Amino acid sequence: MEQVTSVGNRKSSRRVKRRTGYWFVLPYAVFFGAFVAYPLVFSFVLLFHRWNVVTPMEWIGLKNFERLLSDPLFFKAILNTLKFLVIHIPLQLVVALGFALILNSRIRVRGFFRAIYFLPVIVSGVVVTILWQQLYAYDSGLLNRLLTFLGPGKVPWLIDSALAMPSVAFMATWKNVGIYIVLFLVGLQNIPLELYESARLDGATGFRQFLRITLPLLNPTIVVVVVLSTIGGFSLFIEPYVLTGGGPMQSTLSAVLYIYNQAFYFGHMGYAATLGFVFALLILGVVVLQRRFIEAESTT
Amino acid sequence: MKAFLKYLVLGLGAVVFAYPFLWMIASSLKPEMEIGGFALWSPHLTLFNYEQVFTRIPIGRAFINSVIVSLTSTVSVVVFGSMVGYALARLRFAGRNVTYLVVLFTMTLPFQITLIPQYILIVKLGLTDTYLALIAPTAMTAFSIILFRQFFLHVPEALIDAARMDGCSDVRILFRIIWPLSRPVIITVSVLTFMTSWNEVLWPLIVVRDRSMMTMPQLVTLFTIGGEAESLLGLQLAAATLLALPVILAYSFFQRYFIESMASTGIKG
């Protein structure tokens, strides 16, 4: 008798559990429908239309894609992003790993240094960009004053179209490297000390230990740094928007800045959506490739 | 000797990362003529630049807008994120796995693809220049749901069972029993959400045109590039300092939480 009631209770409680499950998820379902699913479906619709929001949509078939393939600025934005990544990723890895290695040795006031390196991470990109615009200024910028004083003289950081994107990449590294120092520190502290001890007994030098133990075991962290930096590169907006407006000669035009310009400067919603769609595919493709490549590298 | 070199590198690093901010704050207090210098002090310190910023743009209003938007987003992300996270970790219902996959999918979706259609949605709903437009698209985040789910998976089953025996509803279990145990994850999600929201500038630029509805980073951005503060370096630096100060202040008190929370974003990759 007692058994029966307890089973009955469990059943009804399971049903209640099921219903509460739905109630708990319902707000997210609504949110997902409105801000993810609907925009996704609508972005597919926009791919095949010309639209400036005000006049009715016009079906144009694959014209947006045709236009994209013959749009020099689209390829320029990709090239600029690649230029950014080629400088940003290695710089980020070397600087972050270097500081993390030093901080991981016996250092007093480690927390103090870590806190300082982290400062640019928490501050708004707008602040950092306004600040660096003045550091980079040609005539009165602090960097050029320092370089004049040290000898090499003035550098046209943001004026020279070959230098502008590297300057943006350098600034972005300065802003973000703090996160990666902390991530590498966590990674380093997770490496068992016994590994180094047995390597030392085998007569491995410090550098060999670094190559054979430290680097391979930091692989997951390296993947994170590379992937997050790549996503960051494709998401650049405020930096070129404030610093250079995409210039000089479109040399700092980024993916997001180009989408923004097409949509809100020219009112080409269909084309802007197409750009967004293609850039998103590109990001996913690059990230998948990077992961495969780095993970394969570590197992060989 | 080796130790000396280490401290030298670390010290140089500290100068490279901290000096520009100190210079920014110092220069914002200097008269325009002296801003080019390296010095962090001047005999002619003045609040002139700040007075100018306050009279030229509604920065106080923008500050309040930013506080409203960031706080509401944060509360919403924590409340709804923990509800979904709890359902995914602890409740059984048909479609749970599908929901989890949907959340994972949302997290990997690059924002570039939904940016334009989301803007169009806001326009269609007539929500441009409203708080709702600024808050709604970030009212829930896939990342916070994942973090909460991960954390709740490790809450002992016995605790939840005992509460159920006492007749607690799941709402009560979540907010009265599990929440107090979940301080670390609540802090992490709050810090991340608040910072992201406070520093966000692209979305406000898109959906807000009315100056009185602008967020602080948006207003400061438009102020510096819009010609109003053109070639007036002191004004730009004063506006930037005002924007940075609240976050730097919060950081100086809760430094550890900021660093731990941001470091946990590494999980995302």
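Computed from a predicted model, the values in this text were never measured in an experiment. Residue positions are given per chain, counting from 1 as you read along its sequence in written order. Each chain is given a letter, starting from A, and each ligand a number, starting from 1, according to the order in which they appear as written. Residue-level local features of this predicted model are given only where pLDDT is at least 70; pairs of side-chain atoms are given and counted only at 80 or more, and the full residue set underlies all totals for whole chains, interfaces and linings.

**What about the overall build of chain A?**
Right, on to step 1. The numbering of helices and of strands both runs from the N terminus, where a helix is a DSSP run of H or I of at least 4 residues and a strand a run of E of at least 2. Regarding its fold elements, chain A presents 13 helices and two strands.
Right, on to step 2. Each principal axis of the C-alpha atoms in chain A carries an extent, and together these give about 90 × 70 × 40 Å.
Right, on to step 3. The exposure scheme places C-beta atoms from the backbone and then counts, for each residue, the other C-beta atoms within 10 Å of its own, assigning buried at 20 or more, exposed at 12 or fewer, and partly exposed in between. Expressed as a percentage of the 300 residues in chain A, the buried residues total 41%.
Right, on to step 4. Contact definition: two residues whose C-beta atoms, as placed from backbone geometry, lie within 7 Å. In chain A, 68% of the contacts between residues at least 6 apart in sequence involve partners at least 24 apart.

**Observations concerning the overall build of chain B**
Right, on to step 1. Secondary structure assignment for chain B yields 14 helices and zero strands.
Right, on to step 2. Taken from the N to the C terminus, the helices and strands of chain B come in the order α-α-α-α-α-α-α-α-α-α-α-α-α-α.
Right, on to step 3. Along the three orthogonal principal directions, the C-alpha set of chain B runs to about 70 × 65 × 35 Å.
Right, on to step 4. Counting every position in chain B, which comprises 269 residues, the buried fraction comes to 46%.

**A short note on the nonpolar core**
Right, on to step 1. Counting 162 residues, the largest nonpolar core has A96 and I181 of chain A together with A239 and A240 of chain B as its most contacted members.
Right, on to step 2. Contacts of A96 of chain A, omitting those with residues within four sequence positions, involve V177, Y180, I181, F184 and V225 of chain A. Put simply, a nonpolar core is a cluster of buried Ala, Val, Leu, Ile, Met, Phe, Trp, Tyr and Cys residues tied together by C-beta atoms within 7 Å.

**Some remarks on helix α8 (residues 193-201) of chain A**
Right, on to step 1. The element α8 of chain A is largely exposed, with a buried count of zero among its nine residues.
Right, on to step 2. A positive phi of about 85° marks G203 of chain A, the residue just after α8 of chain A.

**Details of helix α4 (residues 110-122) of chain A**
Turn by turn, an α-helix covers 3.6 residues, leaving residues three or four places apart pointing in a common direction.
Right, on to step 1. If you check α4 of chain A, its first and last C-alpha atoms are 19 Å apart, about what 13 residues at 1.5 Å a residue would give, namely 18 Å.
Right, on to step 2. Residues of α4 of chain A that are buried: F113, R114, A115, Y117, F118, L119, P120, V121 and I122 of chain A. What a helix is expected to span follows from its residue count: subtract one and scale by 1.5 Å.

**Comments concerning the domain arrangement of chain B**
Accessible area lost during the coming together of the parts is what is often quoted as the interface size.
Residue and element names in this part refer to chain B.
Right, on to step 1. Where each domain starts and ends comes from a domain assignment, either automatic or drawn from a database. We note that the domain assignment places domain 1 (1-46) and domain 2 (47-268) within chain B.
Right, on to step 2. Just the C-alpha atoms count here: the centres of domain 1 and domain 2 sit 32 Å apart.
Right, on to step 3. The partner domain 2 presents 10 residues to the nine residues of domain 1 that form the contact.
Right, on to step 4. When grouped by side-chain class, the residues that make up the side of domain 1 that touches domain 2 number four nonpolar, three polar and two charged. Under the grouping applied here, Gly and all other residues not named as nonpolar or charged are polar, the nonpolar ones being Ala, Val, Leu, Ile, Met, Phe, Trp, Tyr, Cys and Pro and the charged ones Asp, Glu, Lys and Arg.

**Some details on unusual backbone geometry**
Residue and element names in this part refer to chain A.
Right, on to step 1. With omega at -10°, the peptide bond leading from G247 into P248 counts as cis.
Right, on to step 2. As for its position among the elements, P248 is in the loop between α11 (238-243) and α12 (255-265).
Right, on to step 3. Unlike most non-glycine residues, V53 shows phi in positive territory, near 75°.
Right, on to step 4. Here V53 falls in the exposed class, since 12 other C-beta atoms lie within 10 Å of it.
Right, on to step 5. Despite not being glycine, M249 shows a phi value in the positive range, around 55°.
Right, on to step 6. By the secondary structure assignment, M249 is in the loop between α11 and α12.

**Some details on the environment of F75 of chain A**
Right, on to step 1. Looking at the element boundaries, F75 of chain A is found in helix α3 (residues 72-104).
Right, on to step 2. Note: C-alpha distance between F75 of chain A and Q250 of chain A (175 residues apart in sequence) is 11 Å.

**Describing the packing of α3 of chain A against helix α10 (residues 219-235) of chain A**
Residue and element names in this part refer to chain A.
Right, on to step 1. Axis geometry follows a simple rule: fit a line to the C-alpha atoms, using only the stretch in contact for helices, then measure angles between N-to-C directions, giving values from 0 to 180 degrees. At a minimum axis separation of 10 Å, α3 and α10 run at an interaxial angle of 145°. α3 and α10 meet at a crossing whose hand is right-handed. Only I222, V225, V226, S229, T230, G233 and F234 of α10 make contact with α3, whose side of the interface consists of T81, F84, L85, H88, I89, Q92, L93 and A96.
Right, on to step 2. Tallied by class, the residues present in the contact of α3 with α10 amount to nine nonpolar, six polar and no charged. The sense of a crossing depends on the near helix, which, turned anticlockwise from the far helix by less than a right angle, makes the crossing left-handed and, turned clockwise, makes it right-handed.

**With respect to the confidence of the model for chain A**
Residue and element names in this part refer to chain A.
Right, on to step 1. The pLDDT score gives, residue by residue, the confidence of the prediction method on a 0 to 100 scale. On average, residues of chain A carry a pLDDT of 88, and 93% of them reach 70 or more.
Right, on to step 2. Ranking the helices and strands of chain A by mean pLDDT puts α3 first, with 94, and helix α1 (residues 2-47) last, with 77.
Right, on to step 3. Across residues 1-8 the pLDDT falls below 50, and counting only partners more than four positions away or on other chains, this stretch makes zero contacts in the model.

**So, the domain arrangement of chain A**
Right, on to step 1. As far as domains go, chain A holds domain 1 (2-47) and domain 2 (70-299).
Right, on to step 2. Here domain 1 of chain A and domain 2 of chain A have C-alpha centroids that lie 40 Å from each other.

**With respect to the packing of helix α7 (residues 164-189) of chain A against α10 of chain A**
Relative placement of two packed helices is described by the angle separating their axes and the distance separating the axes.
All names here are of chain A.
Right, on to step 1. Closest axis-to-axis distance for the α7/α10 pair is 10 Å, and the angle between their directions is 160°. In terms of orientation, α7 lies roughly antiparallel with respect to α10. Between α7 and α10 lies a crossing whose hand is right-handed. Residues A172, N176, Y180, L183, F184 and G187 of α7 form the contact with α10, whose own contacting residues are T221, V224, V225 and G232.
Right, on to step 2. Residues that form the contact of α7 with α10 fall into these classes: six nonpolar, four polar and no charged. For classification purposes, angles smaller than 35 degrees are called roughly parallel, those larger than 145 roughly antiparallel, those between 65 and 115 roughly perpendicular, and all remaining angles oblique.

**Some words on the environment of T99 of chain B**
Right, on to step 1. Mapped onto the elements of the fold, T99 of chain B is located in helix α4 (residues 96-108).
Right, on to step 2. For T99 of chain B, a count of 20 C-beta atoms within 10 Å puts it in the buried group.
Right, on to step 3. Residues T99 of chain B and V84 of chain B, spaced 15 residues apart in sequence, show a C-alpha to C-alpha distance of 9.3 Å.
Right, on to step 4. Beyond its immediate stretch of four places on either side in the chain, T99 of chain B contacts V25 of chain A together with L88 of chain B.

**So, the environment of F118 of chain A**
Right, on to step 1. Within the secondary structure layout, F118 of chain A lies in helix α4.
Right, on to step 2. C-beta crowding within 10 Å serves as the criterion here: with 22 such atoms nearby, F118 of chain A is assigned to the buried category.
Right, on to step 3. If sequence neighbours within four positions are ignored, F118 of chain A has contacts with G178 and V182 of chain A together with I259 of chain B.

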